[in-house]
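# A look at the structure
Spelled out from the first residue to the last, the chains are:
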Amino acid sequence: MLSERILTKVVEATTDSYLRLSPTDEARMPAPEPGKRYMLYAHVPFCERLCPYCSFNRFPFAAERAKPYFANLRKEMLMLAELGYDFDSLYVGGGTPTIMLDELCETIDLARDTFGIKEVSSETNPNHLIPSYIEKLEGRVQRLSVGVQSFDDGLLRQMDRYDKYGSGAEILERIQEASPHFVSLNADMIFNFPAQTEDTLISDIERVVESGASQTTFYPLMASPSVQKSLARTVGRVDYAREQRFYEIACELLAGPGDMGSDGPFGYGSAWTFNRKNTAAGEGVDRYGEAAPMIDEYVVDYEEYPAIGSGGITYLGSNLYVNTFSVREYNQAIEGGRMSMMGRATFGLRDRMRYRFMMQLFGLRLDKRAFERDFGVSVERGLPLEMAFMRASGAFATDDSRELTLTAKGRYLMVVMMRQFFIGVNRLRDQARAALTGEERELIFGG
C-alpha cells in the first residue's frame, strides 16, 4: 500500500541521519539518573553455526574464546554497579546465551546478587530445550525466548537449521515439554520468507497454538544490508509486497479479527508480540502501573538501558553507544578497567521524540501527557508531520487528550516502522563489524 511505501522511505532516511557512529574513547558509561528505572542487556556473541539472516554480533563458538568472555561480562556488570546502577530486569541476548550453560547461570546469579532484579529473560535455541538445561534455567529465568523461526522442514533446511536443531515436529515436542517450567516461554517466529506460502504460514501458526507457548513473536523477515547476499543465496530475495497480507493472517489467526482482536487464543502484547490468553505470561507491571506480561521487545517498557558485552547497544539520555564487535578488544578493555564502547551516536530533541513515538506506539499505546511532560511540547506540536501522516492513514483507534492507540492498519504501519528502524540499527552494526581485523574478520567474512 502507498502509506507503507512512504513510511519505509521516510524511516529509512531518518534512521540513516541519526544512527551514525562517531568514534568515542569514553572509558565508562554515564552514571544513572536518580529515580529512573533501567533494564540491563547482556550480549553473548557465540553460536554453534551462523544463520544467514542474522545481523547481530555473533561468532562461531569455541570454548577457549567464550569462557574468558563470560568472566569479563561479569566484571563489566560490576562496573555498572560501581557507577550506581540498579536494575529490576535482565535480558540476555545473542548469539546463543545458553551456549555455555554453567557460565550463563553464574552470570545470572551474580546479577541477582548485585542488583534488585525481579525478572530475567534469556534467548535460546531449540536444541537446548532438554531436561538438563531446563533444570538449571527453571527459577533463574522467568521468560525463555526460543528461536524457532518456522516449523516447516523445508524452510528449516533453507535456513541451515534442520540439522542443527531438528525437525519441526521435534521442535514442537520440545516446546510443549519446556513451556510449563517457565513463567513465559516465547516462540520466536519469522514471516515472509520468499519460499513461505500462506499455507505454510498458517501451519506455523497452528503449531504455535498447539505448542503451549505462552507467547509468540512474529517478526517480518528483514533484509539488512549485511545479510542481503546471504539471504538471496539461501532463502531468496525478500518480497515486501506480500508482507502485509502475511501479517494480517498471523493477527487474525492468533488474536482474531478487528482492531484489537477478541476471538483468538492470543492477545496483543506489541505490534508483533502475542500473549496467550488465560495464562500467567508474566507478572510484571507496565509503564502505566498496570499488570502486564513480559514482552520480547524490552525497548517498549525501558526507554533507556545500558548494554554489556561485545556488540551491545546502549541507549542513555540522548546518546546511543555501541560496544566493540571484537571479542579480543572487548576482553582487553574490560581487563584493563575500561568499558568497551567504540562508537556513539547522539540524538537531538526531535530524534528523541520520534524514538518515543515509535516505541510506545509499537507497544500499542502512547501516553500523551507523559510525552508533553518529558519533552515540554505536545506530540501534535512536537511531531506534526508524523501525526498528520498517521491520522490520514487511519492509524489511530483512540486519539484524545490522554493517549493514542492503534487500529489494525496502524499496527501494521508500526511493524513497517520497526522493520526499517531495525534495518537502520543493523547498518549501525555493520559499521562496527567493519572494524574487525585478523582472525575475527575472517571468521565472519571469510578469507
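These remarks concern the structure in this document. Fair warning: this is a prediction, and the values are worked out from it, not measured in the lab.

## So, the sheet that holds strand β16 (residues 319-323)
With antiparallel pairing, the four strands of this open sheet are ordered in space as β1-β17-β16-β15. Where the open sheet ends on each side, the last strands, each with one partner, are β1 (22-23) and β15 (313-316). The pairing of β15 with β16 spans four bridges and is antiparallel. Paired with Ile-313 across the two strands is Val-322, which belongs to β16.

## Digging into the pairing of β15
Here is the key point about a regular strand: its side chains alternate between the two faces of the sheet. Of the two faces of β15, both are covered, the one formed by Ile-313 and Tyr-315 as well as the one formed by Thr-314 and Leu-316. Where β15 hands over to β16, the hairpin turn is made up of two residues, of which Gly-317 adopts a positive phi near 60 degrees.

## A look at the packing of aromatic side chains
Throughout the structure, instances matching the rule amount to 19 aromatic pairs. Between Tyr-69 and Tyr-330 the ring centres are 5.1 Å apart and the planes differ by 40 degrees, which places this aromatic pair in the tilted class. Note that Tyr-69 is positioned in helix α2 (residues 63-83) and Tyr-330 in helix α11 (residues 327-335), a separation of 261 residues in sequence. In terms of burial, Tyr-69 and Tyr-330 fall into one category: buried. One aromatic cluster in this structure is built from Tyr-219, Trp-272, Tyr-315, Phe-347, Tyr-355, Phe-362, Phe-421 and Phe-422. Residue placement shows Arg-419 over the ring face of Tyr-240; its charged tip is 4.2 Å from the ring centre. The positively charged end of Arg-429 is found above the aromatic ring belonging to Phe-56, 4.1 Å away from the centroid.

## Some remarks on the pairing of β16
Across the five residues that make up β16, a large majority, five, are buried. In β16, alternate side chains face the same way, and those of Asn-319, Tyr-321 and Asn-323 on one face and Leu-320 and Val-322 on the other are all buried. Looking at chain direction, β16 and strand β17 (residues 341-346) are connected through five bridges and run antiparallel. From the neighbouring strand, Asn-323 faces β17, where its bridge partner is Met-341.

## As for the sheet that holds strand β6 (residues 119-124)
Ordered in space as β10-β11-β9-β8-β7-β6-β5-β2-β14, the nine strands form an open sheet in which the pairing is mixed. At either end of the open sheet lies a strand with only one pairing partner, and these are β10 (266-268) and β14 (307-308). Pairing of strand β8 (residues 184-191) with strand β9 (residues 215-220) involves six bridges; the strand directions are parallel. The residue of β9 that forms the bridge with Asn-186 is Gln-215.

## Some points on the side chain of Ser-214
Among the structural elements, Ser-214 can be located in the loop between α8 (198-211) and β9. Owing to a relative accessible area of 6%, Ser-214 belongs among the buried residues under this scheme. At 2.9 Å, the side chain of Ser-214 forms a polar contact with the backbone nitrogen of Leu-185.

## As for unusual backbone geometry
Of note, the bond from Gly-94 into Gly-95 is cis; its omega dihedral lies within 30 degrees of zero at 15 degrees. With respect to the helices, strands and loops of the structure, Gly-95 is situated in the loop between β5 (89-94) and α3 (101-114). Within the chain, Asn-192 stands out as a residue other than glycine whose phi angle is a positive 80 degrees. Of note, Asn-192 is situated in the loop between β8 and α8.

## Thoughts on the side chain of Ser-340
Considering the arrangement of structural elements, one finds Ser-340 in the loop between α11 and β17. Overall, Ser-340 belongs to the buried group, its relative accessible area being 4%.

## Concerning the pattern of salt bridges
Should the charged atoms of two oppositely charged side chains come close, the side chains can pair. Under the criterion given, the structure shown has 27 salt bridges. Here Glu-304 ties to Lys-36 by a salt bridge, and the two come within 2.8 Å at their closest N and O atoms. Placement of the pair is Glu-304 in the loop between β13 (291-292) and β14 and Lys-36 in the loop between β1 and β2 (39-44), with a sequence separation of 268 residues. Beyond isolated ion pairs, a larger network of salt bridges with shared partners links Lys-67, Arg-74, Glu-103 and Glu-106.

## Concerning the environment of Tyr-305
By the element assignment, Tyr-305 lies in the loop between β13 and β14. Along the chain, Tyr-305 and Gly-317 lie twelve residues apart, while their C-alpha atoms are 9.5 Å from each other.

## Observations regarding helix α7 (residues 168-178)
Every buried residue belonging to α7 is among Gly-168, Ile-171, Leu-172, Ile-175 and Ala-178, and all of these are buried. What you see down the axis of α7 is that its buried residues fit within an arc of 135 degrees, all on one side. Where α7 is buried, its residues touch α4 (131-137), β7 (143-149), α5 (153-158), α6 (162-165), β8 and α8.

## Observations regarding the packing of helix α12 (residues 349-362) against helix α16 (residues 408-433)
Any two packed helices are characterised by how steeply their axes cross, that is the angle between the axes, and by the distance between the axes. As a packed pair, α12 and α16 sit with axes 10 Å apart at the nearest point and diverge in direction by 125 degrees. Classed by the angle they form, the pair α12 and α16 counts as oblique. Considering only the axes of α12 and α16, their crossing is left-handed. In this structure, α12 uses Tyr-355, Met-358, Met-359, Leu-361 and Phe-362 to contact α16, whose residues at the interface are Met-414, Met-417, Met-418 and Phe-421. Along the lines of polarity and charge, the residues of the contact of α12 with α16 split into nine nonpolar, no polar and no charged.

## Considering the environment of Phe-357
Note on placement: Phe-357 falls in helix α12. With 102 residues separating them in the primary sequence, Phe-357 and Ala-255 have C-alpha atoms 24 Å apart. Setting aside residues up to four positions removed in sequence, Phe-357 forms contacts with Leu-366, Val-379, Leu-383, Glu-386, Met-387, Met-390, Phe-396 and Leu-404.

Reading the values: the criteria
Residues numbered from 1 in each chain as written. Predicted model: local features only at pLDDT ≥ 70, side-chain atom pairs only at ≥ 80, totals over all residues. Heavy atoms only, no water. Pairing = 2+ DSSP bridges. Helix = DSSP H or I, 4+ residues; strand = E, 2+ residues; numbered from the N terminus. Buried < 20%, exposed > 50% of the residue type's maximum accessible area, 1.4 Å probe, protein only. Phe/Tyr/Trp six-rings, centres within 6.5 Å; stacked < 30°, edge-to-face > 60°. Lys NZ or Arg CZ within 6 Å of the ring centre and 35° of its normal. Polar contact = N/O pair within 3.5 Å; in protein donor to acceptor, adjacent residues only side chain to side chain. Salt bridge = Lys/Arg side-chain N within 4 Å of Asp/Glu carboxyl O. Arc of directions from axis to C-beta. Contact = heavy atoms within 4.5 Å. Axes fitted to C-alpha atoms, helices over the stretch in contact; angles between N-to-C directions. Parallel < 35°, antiparallel > 145°, perpendicular 65-115°, else oblique. Left-handed = near helix turned anticlockwise from the far one by under 90°. Nonpolar A, V, L, I, M, F, W, Y, C, P; charged D, E, K, R; others polar.

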